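Below are the chains, spelled out letter by letter.
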Amino acid sequence: MINKSNSRINVCLAQTDPKMGDLEKNIENHINIISSAKNKGAEIVIFPELSLTGYFLKDSVYDLGVDINSDEAAVFQPLYKISEELNITVIAGFVEKDADFNFYNSTFCVSNGKLINVHRKVYLPTYGMFEELRYFKQGDGFDVFDLNGVKISVLTCEDAWHLSSSYIAVNKGAHIIIINSASPARGITAGLNKFNSTNMWEELLSVIAFYYKCYVIYVNRVGFEDGIGFSGGSCVINPSGNIESKMDYIEAEEIITELNLNLLNNERFKTPLLRDENLNLTLKELESIIDNNKVK
Amino acid sequence: MNHKIELPKIDELNFPLIYKHLGNFIKSEVLKAGLKSVVLGLSGGIDSAASCFLAVSALGKDNVTALIMPYESSSKSSIEDALKVVNTLGIKYYVSDISNQINEYFKNETDETERSENADATDGIVLKLRKGNKMARERMSILYDYSYKLNSLVLGTSNKSELLLGYGTLYGDTASALNPIGDIYKTQIYQLAEHLGIPKTIINKPPSADLWEGQSDESELGFTYKTADDIMYLLIDKMYKPEVVISLGFEENIVNNIYKRIKKSQYKRRMPLIAKVSERTINIDFRYLRDWS
C-alpha cells in the first residue's frame, strides 16, 4: 500500500520485450515480473505500451482486442489475481475493444485486484513508420486517478509529445505522470552515444518534469519487431528535471526505485509555476484560437 | 555534437550502441525463426565482412558459416581476404567454385546473341552483365541450399547505398532472410568496419562487385560513394527534394542521376506485384509483420 504520510513510493519499471501477438506468454511474463518486484518491495509495477500484445500489430489488432468490461476480461484474470494476492498495483498495455467494436491502444491500472483506470491513447501517430489511426480509435481525455492519496496520470508514448497532454494532467492534479511507450530507436549522430530518438525523449521528459513540477516515469520497451528495434532507456525524472534512475537502451530488465514525494512539496514551493498558471487566460486564448480557426 | 546536416559518422561514441543494436537484431530475428545460426556469402569485400563480424558477435562463432564462391575471374586477393575474415573470426567455411555452372550455361552464348532491344546495350556489355547477374543468382541459390542444409538463415550483405542505387542483382546478392547493414550507407560501412576490427586490406581496397576483372563500383556508377551517400542522406533520410539538394551546392547532373536511379530501381526493393482479385490480398490488405508467425 502506498502511504502518502511517509511520502515514499517504491515503483518497478518493467522494461520488457513483449512477444508479438502472444497474450498468454506475455501475461505469464508479467506475472513473473510482478512477483519478483513484490519480493523486492515494489508497490507499483509499470509495463510499456501494448506490453501484453506487442506493438506493430497490423491486422492482428482484430484478434487481440479485449473488452475489459465484459466476460472477455477473464483473460486478464491472472493479473487481477496476483495484484490482489500481493496487494500491488499493475499498469500494463493492451488492445482494448469497446462494446461498439472500436479498438483502442489502451493501458489499464489494476490495484489490489480492482480495475481503477483505463487510459485510451489519444494521439495516435500515423506518419512515417507509424499507422495507429488505421487500426485504433482515439481516446478522449487524460484522467487523473488516485492511488492511496497520490494522483497519477497515464500518457501513452505520442500523447507525451503533445505538451498539452501533460499540461492537462498536472493542472488536473497529477503528481506523477506515467508515460508508457513503444518507441523505435532511430537516427544516429556523431559524438552521441544514444539514438537521436532517445535523445529527444530524454529532453522532453526532463522538460515535462521540470516545468510541470511533477515526477515523470517513462517505461519504454526493448526488442525487435521485423527489424525495428525499440530503444528502452526507461527512467524516472524528478521535479527538478534530473534523471533519478535510468535503464539500459537495449536489454530487457527491471528496476525498483523509490520516489520521494517530498520533493514535489519542495520544488512546487520554490518554483510555483503550477500555482501561478492562469487557466482562465489559457481557456480564453484557446477559445479565441478555435473561433478564429472556424472563421477560416 | 555536429549540427550541420550531413551524413552522420559512426564514431567511437555511437559505435557501441549501433554494434549492440545490430547484434541484438540478428540474434532476436534468428531466434524468432526458431533457429540459432546463419550462413552468408563472403566475397572478400567490406560489406560481407561487416555482416560476418556482426553475426559472430551476435550468435557466436559456432553459429556462423561462411561460403566463399569464387568464379574463375574472381581476383585472388578477394579469396585471400575472405579467408582472412574466416581465420580472424575462427568460423566454419566452405568454398564452392561456381565457374563450371556459369561456363556451362553460357557456353553457346556470344555477344552476337545479346538482346539488341536492351536500352543499355553497348557492344559486349550485355553478356557481361548477364554473366554477372547469373553469378550473383548462382551464389544466392547455393546460399539457400546451405540455408536448408545447415538449418541456418541467409544473412544479407547489401548496404543502403547499393540497395538505393539498385546496384545489385534482383534475387541475387540482394536476397536474404535478414540484413543487418541494409540501413547503413557505404561511407558508414567503412567507419563501422574500422571499429569492428576488420582487416585493413579489406577496408583499404577500392569497392568492387568483382564480377569481372578490374571492375570498380565507382567508375561504373560514375560518382563516388562519398558523393552519392551525402546526396542520398539528404534525399532519403532528410526527405529534401532534389532541387533543394542541388541548391545546397551538389552537382545538378549527379543529384538528378542518383534520384533517377533510386526511382528506377524501386522494383528491386519490393515484393512482386500481385493482381488483386479477392477481397483480401497478400500484402495489400492482408497485413501482418513477418514476426507475426
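Here the structure is shown first, and the text comes after it.
Residue positions are given per chain, counting from 1 as you read along its sequence in written order. Going through the entries in the order they are written, you letter the chains from A and number the ligands from 1. In keeping with the predicted nature of the model, local features appear solely for residues at pLDDT of at least 70, side-chain atom pairs appear and are counted solely at 80 or more, and the whole-chain, interface and lining totals rest on all residues. Computation of side-chain values: all heavy atoms of the structure, hydrogens and water removed.

Caption draft 1: Looking closely at the overall build of chain A. Secondary structure elements are defined from DSSP: runs of H or I of at least 4 residues count as helices, runs of E of at least 2 residues count as strands, and each element is numbered from the N terminus. What chain A contains, in helices and strands, is 10 helices and 14 strands. We compute the radius of gyration over the C-alpha atoms and compare it with the globule rule, which gives 2.2 Å times the number of residues raised to the power 0.38. For 296 residues, the compact-globule estimate of 2.2 N^0.38 gives 19 Å, and chain A sits close to it at 19 Å. In terms of overall dimensions, chain A has a C-alpha envelope of 50 × 50 × 50 Å along the principal axes. We call a residue buried when its accessible area falls under 20% of the maximum for its residue type, exposed when it is over 50%, and partly exposed in between, using a 1.4 Å probe and counting protein chains only. Burial analysis of chain A (296 residues in total) assigns 55% to the buried set. For chain A, contacts bridging at least 24 residues in sequence account for 68% of all contacts bridging at least 6. Across chain A, the mean location of the 27 positive side-chain charges is 5 Å away from that of the 39 negative side-chain charges. Throughout, a contact is declared for two residues whenever any of their heavy atoms are within 4.5 Å. Residues scored as charged are limited to Lys and Arg (positive) and Asp and Glu (negative), so that His and the chain ends carry no count. By convention, charge coordinates are those of NZ in Lys, CZ in Arg, CG in Asp, or CD in Glu.

Caption draft 2: Quick look at unusual backbone geometry. Residue and element names in this part refer to chain A. Although it is not a glycine, Lys58 adopts a positive phi angle of roughly 50°. Relative to the assigned elements, Lys58 resides in the loop between β2 (44–46) and α2 (61–64). Not every positive phi belongs to a glycine, and Asn148 is a case in point at roughly 50°. Residue placement: Asn148 occurs in the loop between β6 (145–147) and β7 (150–156).

Caption draft 3: Fine view of empty space enclosed by the protein. Residue and element names in this part refer to chain A. Method remark: on a 1 Å grid restricted to protein atoms, a set of points is classed as a cavity if a 1.4 Å probe fits but cannot get out and as a pocket if it is open with protein on both sides within 12 Å along at least five of seven lines; lining residues have an atom within 4 Å of a point. Grid points are joined across faces, edges and corners, and a volume is the space filled by probe spheres set on the points. Across all of its chains, the model carries four cavities of 30 Å³ or more by this definition. The volume enclosed by the largest cavity comes to roughly 110 Å³. Lining of the largest cavity is provided by Leu50, Tyr55, Phe56, Leu57, Lys58, Val61, Glu131, Glu132, Tyr135 and Phe136. Residue polarity follows a fixed list, in which Ala, Val, Leu, Ile, Met, Phe, Trp, Tyr, Cys and Pro are nonpolar, Asp, Glu, Lys and Arg are charged, and the others, Gly among them, are polar. Looking at the lining of the largest cavity residue by residue, the classes come out as seven nonpolar, no polar and three charged.

Caption draft 4: Summary view of the pairing of strand β1 (residues 8–15) of chain A. Residues and elements named next belong to chain A. Of all eight residues in β1, six are buried, a share of seventy percent or more. Bridging between β1 and strand β14 (residues 253–260) involves eight bridges; their strand directions are antiparallel. Paired with Cys12 across the bridge in β14 is Ile256. When DSSP finds at least two bridges between two strands, those strands are taken to pair. In terms of strand pairing, β1 meets β2 through three bridges, oriented parallel. Of the residues in β2, the one forming a bridge with Val11 is Ile44. You can see the chain leave β1, run along helix α1 (residues 23–39) and come back into β2, and the turn it takes is right-handed. Looking down the strands as they point away from you, a crossover is right-handed if its path from the first strand over the helix to the second goes clockwise.

Caption draft 5: Geometry of the pattern of salt bridges. All names here are of chain A. Every case where a carboxyl oxygen of Asp or Glu lies within 4 Å of a side-chain nitrogen of Lys or Arg is listed as a salt bridge. Inspection of the entire model under this criterion finds 33 salt bridges over all chains. In this structure, the salt-bridge partner of Arg221 is Asp17, at a minimum N-O distance of 3.3 Å. Of this pair, Arg221 sits in the loop between β9 (215–220) and β10 (224–225) while Asp17 sits in the loop between β1 and α1; the two residues are 204 residues apart in sequence, bridging distant segments of the chain. We classify Arg221 as buried; its relative accessible area is 0%. You can call Asp17 partly exposed: its relative accessible area is 38%. Each of Asp17, Arg221 and Glu225 takes part in a single network of salt bridges with overlapping partners.

Caption draft 6: Geometry of the interface of chain A and chain B. Contacts between chain A and chain B engage 27 residues on the former and 27 residues on the latter. Taking both partners together, chain A and chain B bury about 2,500 Å²; carbon and sulfur atoms supply 61% of that area. Ranking the residues of chain A by area buried against chain B places Ile188, Phe224 and Asp226 of chain A at the top, with a combined share of 27%. In this assembly, chain A and chain B are joined by four salt bridges. Across the pair Lys20 of chain B and Glu251 of chain A runs a salt bridge whose closest N-O atoms are separated by 3.6 Å. We call two N or O atoms a polar contact when they sit within 3.5 Å, provided that within protein one can donate a hydrogen and the other can accept it, with sequence-adjacent residues counted only if both atoms are side-chain atoms. Seen at the junction of chain A and chain B, the total is 11 residue pairs in polar contact (both at pLDDT 80 or more). Once two parts are joined, some of their accessible surface, as seen by a 1.4 Å probe, is lost; buried area is that loss totalled over both.

Caption draft 7: Local environment of the environment of Ala50 of chain B. All names here are of chain B. Secondary-structure assignment places Ala50 in helix α2 (residues 46–59). Since its relative accessible area comes to 0%, Ala50 is described here as buried. For the pair Ala50 and Leu192, spaced 142 residues apart in the sequence, the C-alpha separation amounts to 7.6 Å. Not counting the four nearest positions on each side in its chain, Ala50 is found in contact with Ile189, Leu196 and Ile198.

Caption draft 8: Representation of the sheet that holds β2 of chain A. Residue and element names in this part refer to chain A. As summarised here, the arrangement of the six strands in space is β5-β4-β3-β2-β1-β14, forming an open sheet in which the pairing is mixed. For this open sheet the edge positions go to β5 (114–120) and β14, each flanked by a neighbour on one side alone. Shown here is a sheet whose adjacent strand axes are inclined to one another by a mean of 30°, direction ignored. The convention used is that axes are lines fitted to C-alpha atoms, helices contributing only their stretch in contact, and that angles between N-to-C directions extend from 0 to 180 degrees. Seen against the sheet, α1 touches β1, β2, β3 (89–97) and β14 and runs at an angle of roughly 145° to β2. Contacts from helix α3 (residues 77–86) reach β3, β4 (103–111) and β5, with the element oriented near 25° to β4.

Caption draft 9: Structural detail: the packing of α1 of chain A against α3 of chain A. Residue and element names in this part refer to chain A. Axis separation between α1 and α3 bottoms out at 10 Å; the angle between their running directions is 10°. Considering their axes alone, α1 and α3 lie roughly parallel with respect to each other. Across from Ile27, His30, Ile31, Ile34, Ser35 and Lys38 in α1, the residues of α3 making contact are Pro78, Leu79, Ile82 and Leu86. Each residue belonging to the contact of α1 with α3 can be placed in one class, and the counts come to seven nonpolar, two polar and one charged. We call two directions roughly parallel when the angle between them is under 35 degrees, roughly antiparallel when it is over 145, roughly perpendicular when it lies between 65 and 115, and oblique otherwise.

Caption draft 10: Representation of the nonpolar core within the structure. Residue and element names in this part refer to chain B. Nonpolar cores were defined as sets of buried Ala, Val, Leu, Ile, Met, Phe, Trp, Tyr and Cys residues, with membership established by side-chain atoms within 4.5 Å. Membership of the largest hydrophobic core comes to 49 residues, with the highest contact counts inside it found for Ile26, Val64 and Ile198. The set of elements that each furnish at least two residues to this core consists of α1 (15–32), β1 (38–41), α2, β2 (64–68), α3 (76–89), α7 (186–196) and α8 (200–204). No other element matches α2, which puts 10 residues into this core. For Ile26, the contacting residues outside a window of four places in its chain are Leu54, Ala55, Ala58, Leu59, Leu155, Leu178 and Pro180.

Caption draft 11: Geometry of the packing of aromatic side chains. Residues and elements named next belong to chain A. When the centres of two rings from Phe, Tyr and Trp lie within 6.5 Å, Trp using its six-membered ring, the rings pair. Their planes under 30 degrees apart give stacked, over 60 give edge-to-face, and anything left gives tilted. This model, assessed by the stated rule, comprises 19 aromatic pairs over all chains. Ring geometry for Tyr55 versus Phe56: centroids 4.6 Å apart, planes at 80°, classification edge-to-face. No difference in accessibility class separates Tyr55 from Phe56, as the two residues are buried. On the basis of an interplanar angle of 45° and a centroid distance of 5.3 Å, the ring pair of Phe94 and Phe108 is categorised as tilted.

Caption draft 12: Looking closely at the pairing of β9 of chain A. Residue and element names in this part refer to chain A. Counting buried residues along β9, six of its six residues qualify, which places the element largely inside the surrounding structure. Residues Tyr215, Ile217 and Val219 point to one face of β9 and Val216, Tyr218 and Asn220 to the other, with burial holding for every one of them. Crossover strand β8 (residues 176–181) to β9 through helix α7 (residues 196–211) is right-handed. Across three bridges, the pairing between β9 and strand β12 (residues 235–237) is antiparallel. For Val216, the partnering residue across the bridge sits in β12 and is Ile237.

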